Amino acid sequence: MLAGAGAALLTAAVDGCSIAGLRTGGRAVPAPTLNLAPLRASTDRITQITVCTRPFRAQGPRLDVEQIGQKIIVHNYGHGGSGWSLSWGSSDIAVRKAMTAGAQEIAVIGCGALGLTSGILAQRAGARVTIYAKDLPPNVRSSLASGLWTPDSRICLEESATPEFKQLWAGMARKSFQTYQSLLGLPGNPVEFIDNYYVSDEPDSMRRRETPSDPRPKFASLQRELIADLIPGSEDFAPGSHSLGRHYLQHHTLMMFNISAYARLLMADFVSTGGRIEIAEFHTPADFAKLREKVLINATGYGSRALFGDESIVPVRGQLARMIPQPDVNYGLYYQGVSFVPRRDGMVFQVVGDSDYYGYGDDTTVPDRAEAEHAVNTIAGLYGAA
Ligand SMILES: Cc1cc2nc3c(=O)[nH]c(=O)nc-3n(C[C@H](O)[C@H](O)[C@H](O)COP(=O)(O)OP(=O)(O)OC[C@H]3O[C@@H](n4cnc5c(N)ncnc54)[C@H](O)[C@@H]3O)c2cc1C
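Bear in mind the structure is a predicted one, so any value in this text is a computation, not a measurement.

Draft legend 1. How the structure looks around the pattern of salt bridges. Taken as a whole, this structure holds 17 salt bridges when the rule is applied. The partner of Asp345 in a salt bridge is Arg343, with the nearest N and O atoms 2.8 Å apart. Classification of Arg343 as buried rests on a relative accessible area of 1%. Where salt bridges share partners, they join Glu105, Arg128, Arg292 and Glu293 into one cluster.

Draft legend 2. Summary view of the sheet that holds strand 7 (residues 128-133). Within the open sheet, the six strands sit side by side as 4-5-12-6-7-11. Their pairing is mixed. The sheet terminates laterally at strand 4 (65-68) and strand 11 (276-279), the two strands that pair on one side only. Averaged over neighbouring strand pairs, the angle between their axes works out to 25° when direction is ignored. Relative to strand 11, strand 7 runs parallel, the two being bridged by four bridges. Among the inter-strand pairings, Thr130 is bridged to a residue of strand 11, identified as Arg276. Relative to strand 12 (residues 295-298), helix 2 (residues 83-100) is tilted by about 165°, and along the sheet it contacts strand 4, strand 5 (71-75), strand 6 (105-109) and strand 12. The sheet contacts of helix 3 (residues 113-124) involve strand 6, strand 7 and strand 12, and relative to strand 7 the element is tilted by about 165°.

Draft legend 3. Seen up close, unusual backbone geometry. Backbone torsion omega between Pro137 and Pro138 reads 10°, so that peptide bond is classified as cis. Relative to the elements of secondary structure, Pro138 occurs in the loop between strand 7 and helix 4 (163-181). Although it is not a glycine, Arg154 adopts a positive phi angle of roughly 45°. Turning to its location among the elements, Arg154 is positioned in the loop between strand 7 and helix 4. Judged by its relative accessible area of 6%, Arg154 is buried. Its identity as a non-glycine residue notwithstanding, Gln336 has a phi of 45°, on the positive side. Note on placement: Gln336 falls in the loop between strand 14 (331-335) and strand 15 (338-341).

Draft legend 4. Region of interest: the packing of helix 2 against helix 4. The interhelical angle for the contact between helix 2 and helix 4, taken along N-to-C directions, is 110°, at an axis separation of 7 Å. The orientation of helix 2 relative to helix 4 falls into the category roughly perpendicular. Two secondary-structure elements touch here, helix 2 through Trp84, Ser85, Leu86, Ser87, Trp88, Gly89, Ser90, Asp92 and Ile93 and helix 4 through Leu168, Trp169, Met172, Ala173, Lys175, Ser176, Thr179 and Tyr180. When the residues that make up the contact of helix 2 with helix 4 are grouped by side-chain class, the tally is nine nonpolar, six polar and two charged.

Draft legend 5. Structural context of the nonpolar core. Grouped together as the largest cluster of nonpolar side chains are 51 residues, with contacts concentrated most on Trp149, Trp169, Tyr180, Phe257 and Tyr262. Sequence-distant contacts of Tyr262, defined by excluding residues within four places in its chain, comprise Trp84, Trp88, Tyr180, Leu183, Pro190, Val191 and Phe257. The next biggest cluster of nonpolar side chains, apart from the first, holds 28 residues, and it includes Leu36, Leu244, Met323 and Val376.

Draft legend 6. Main features of the site of the ligand. Around the ligand lies a shell of 37 residues, among which Gly80, Ser85, Asp135, Ser142 and Leu148 are the nearest. With respect to the ligand, the backbone of Gly81 contributes an N or O atom lying 3.0 Å from a nitrogen atom. Side-chain polar atom of Thr150 to a nitrogen atom of the ligand: 3.3 Å apart, as the coordinates give it. When isolated, the ligand has an accessible area of 1,000 Å², and the protein chains bury 96% of it. Of all the secondary-structure elements, those providing two or more residues to the shell around the ligand are strand 3 (46-57), helix 2 and helix 3.

Draft legend 7. Just the sheet that holds strand 16 (residues 347-351), in detail. Strand order in the open sheet formed by eight strands is 3-13-16-15-14-8-10-9, and the pairing between neighbours is mixed. Taken across any chain shown, the strands that pair with only one partner, and hence form the sheet edges, are strand 3 and strand 9 (235-237). Across the sheet, the axes of successive neighbouring strands diverge by a mean angle of 25°, strand direction being ignored. Where strand 8 (residues 191-200) and strand 10 (residues 248-257) come together, 10 bridges link them in antiparallel fashion.

Draft legend 8. Here's a closer look at the packing of aromatic side chains. Using the criterion set out here, one finds 17 aromatic pairs in the structure. One aromatic cluster in this structure is built from Phe56, Phe219, Tyr357 and Tyr360.

Draft legend 9. View of the packing of helix 2 against helix 3. Their axes nearest at 8 Å, the elements helix 2 and helix 3 cross at an angle of 40°. With respect to helix 3, the axis of helix 2 lies oblique. For the crossing formed where helix 2 meets helix 3, the hand is right-handed. Between helix 2 and helix 3, the contacting residues are Gly83, Trp84, Ser87, Trp88, Ser90, Ser91, Asp92 and Val95 on the first element and Ala113, Leu114, Thr117, Ser118, Ile120, Leu121, Ala122 and Arg124 on the second. Classifying every residue of the contact of helix 2 with helix 3 by side-chain character gives eight nonpolar, six polar and two charged.

Draft legend 10. Up close: the pairing of strand 7. Within strand 7, five of the six residues are buried, which leaves the element mostly enclosed by the surrounding structure. Pairing of strand 6 with strand 7 involves five bridges; the strand directions are parallel. Note on strand 7: the bridge partner recorded for Ala107 is Thr130.

Draft legend 11. A look at helix 8 (residues 369-380). The first and last C-alpha atoms of helix 8 sit 16 Å apart over 12 residues, in line with the 16 Å expected at 1.5 Å per residue. Taken as a whole, helix 8 has its buried residues at Glu371, Ala372, Ala375, Val376, Thr378, Ile379 and Ala380. Tucked into the core, helix 8 has its buried residues touching strand 3, strand 13 (313-323), strand 14, strand 15 and strand 16. Between the side-chain oxygen at the start of helix 8 and the backbone nitrogen of Ala370 there is a gap of 3.1 Å, and the oxygen is on Asp368.

The rules behind these values
Residues numbered from 1 in each chain as written. Predicted model: local features only at pLDDT ≥ 70, side-chain atom pairs only at ≥ 80, totals over all residues. Heavy atoms only, no water. Salt bridge = Lys/Arg side-chain N within 4 Å of Asp/Glu carboxyl O. Buried < 20%, exposed > 50% of the residue type's maximum accessible area, 1.4 Å probe, protein only. Pairing = 2+ DSSP bridges. Helix = DSSP H or I, 4+ residues; strand = E, 2+ residues; numbered from the N terminus. Axes fitted to C-alpha atoms, helices over the stretch in contact; angles between N-to-C directions. Contact = heavy atoms within 4.5 Å. Parallel < 35°, antiparallel > 145°, perpendicular 65-115°, else oblique. Nonpolar A, V, L, I, M, F, W, Y, C, P; charged D, E, K, R; others polar. Core = buried A, V, L, I, M, F, W, Y, C linked by side-chain atoms within 4.5 Å. Near = heavy atom within 4 Å. Polar contact = N/O pair within 3.5 Å; in protein donor to acceptor, adjacent residues only side chain to side chain. Areas by Shrake-Rupley, 256 points an atom, 1.4 Å probe, with all protein chains shown as cover. Phe/Tyr/Trp six-rings, centres within 6.5 Å; stacked < 30°, edge-to-face > 60°. Left-handed = near helix turned anticlockwise from the far one by under 90°. Expected span 1.5 Å × (residues − 1).

Have a look at this one:
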């Protein structure tokens, strides 16, 4: 219904005669089709500002196996801005490798998105699993993510996206996507689909683009080429056909993770199936010698940079301004380099810049209040009140 009515209004708008609520040429012009509940975006409603570094590797995540002393280490880290999105698929690969080593007991190092999914999948494969980590949710980097299914966000550079990598990535993305379907409709909505709108001032600038003159290598963009069948179609709304004034909107449907509920669900599932969680910090790989398990899955994320001396991990800083939840707002927005995600565990506003290089190489974690306020005010401006 929305599509049909929206399309009709769009045609009228292109004709230049659609002004909501006015009569033109004797015809009554219908009210806007798309009524978005007003968002109470104001800086005094910010409850928290968090900063975290994405673990980006130009060549993509590390999933190889190495032996250190008596231990077999299966790596599962370096997922850039796609760690939640790819977690089930990536951890499935890591667990298969770990099980090939023939162990009944597996140690997972790390309790973020990759550690929790590795632990659960290793249990499902029949292993007894202990997660060892220095921090648990909500005090891990994974808890500071935006919470959208973005499986190719800063996953590797375009020049590293070989045919083999693309095949690996597509397998991870599909496995994750399918697993997430089994997590929909649960109490607390750990996972749900939302409407998202790219908002622009001009009709032809709906999408975020790499700056054409940027000499730096491009980040890989894989979704449209490799998993287009998983991406619902988009729909355009011209001024007059929606409630956000003189802007152009493009609608997309996205999967969203309410990370507080989702991480708790993963922890509870893991523990209720007999999983153990121990607080432990490892300073060098030699520290693994003290563990009783012979096979380890390394899911330490950005921590692998220090623990394994892996300087191929580049920090990409990202800051979220969290705001008091507003349950009647269940749509997301992207406007002028700012993203808004309607998380039930706190609305998320984030400056994402005009390219994936925003925050690249920056490992500073001090919150920037001015950036947070800019994010909130940019979105607030869409409602006519900053
Ligand atoms: C601002 C921002 C927004 C993001 N948005 C999204 C998004 O919308 N969708 C998406 O899919 N991804 C997103 N990401 C990316 C995603 O958050 C990461 O890819 C993901 O969190 C990585 O998870 P991880 O399990 O590898 O690492 P972490 O969450 O960092 O977990 C690492 C674990 O290892 C432990 N550990 C580390 N070092 C040691 C050590 N030496 N000894 C013992 N334990 C150790 C830690 O305590 C922790 O338990 C975002 C990232 C940022 C920064």
